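# Structure at a glance
The chain contents come next:
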Amino acid sequence: MTNRRNQIDQESRTWGMIAHLSSFVGYVIPVANIVGPLVIWLLKKDEMPFVEDQAKEALNFQISILIYLCVSIVLTFLACREGMNSNQ
């Protein structure tokens with residue numbers, strides 16, 4: 001682990017961190033949590049392999065969270081609808 005960490009330069013680590021932290025912009029601007037890592041991946045994928053990997057991980061995580069959110073909303077809606085129908 002120490003050898004790998006020494007092989008990755010500071011700029012690559014910084015861009016990798018920015019790829020992960022850019023998802024917090026989604027709290028202010030809707031869908032920016034996906035756009036941030038996507039833009040970093042598109043800009044740096046050919047230059048820095050470490051940043052490509054980290055941006056893809058951040059993007060994958062954000063897309064997964066979006067899917068889980070959509071499924072949760074649908075299930076909540078269906079459960080509430082079922083609950084209202086059982087009271088009638």
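This write-up is about the structure you can find in this document. (Residues numbered from 1 in each chain as written. Predicted model: local features only at pLDDT ≥ 70, side-chain atom pairs only at ≥ 80, totals over all residues. Heavy atoms only, no water.)

## Let's talk about a nonpolar patch on the surface
A grouping of Phe-61, Ile-63, Ile-65, Ile-67, Tyr-68, Val-71, Val-74, Leu-75, Phe-77 and Leu-78 is seen on the molecular surface, where their side chains present a nonpolar patch of about 970 Å² in accessible area. Here Ile-63 lies in helix α4 (residues 49-86). (Patch = residues over 30% accessible without salt bridge, like charges linked within 9 Å, V, L, I, M, F, W, Y side chains within 5 Å. Areas by Shrake-Rupley, 256 points an atom, 1.4 Å probe, with all protein chains shown as cover. Salt bridge = Lys/Arg side-chain N within 4 Å of Asp/Glu carboxyl O. Helix = DSSP H or I, 4+ residues; strand = E, 2+ residues; numbered from the N terminus.)

## Observations regarding the pattern of salt bridges
Inspection of every chain in the model, using the stated rule, returns two salt bridges. Put simply, Lys-44 and Glu-47 hold a salt bridge, and the shortest N to O gap is 3.4 Å. Classification of Glu-47 by relative accessible area gives exposed; the value is 52%. One salt bridge connects Glu-52 with Lys-56, and the closest N-O pair in it is separated by 3.7 Å. Taken as a pair, Glu-52 and Lys-56 lie in helix α4 at a separation of four residues, close to a single helical turn. A relative accessible area of 41% places Lys-56 in the partly exposed class. (Buried < 20%, exposed > 50% of the residue type's maximum accessible area, 1.4 Å probe, protein only.)

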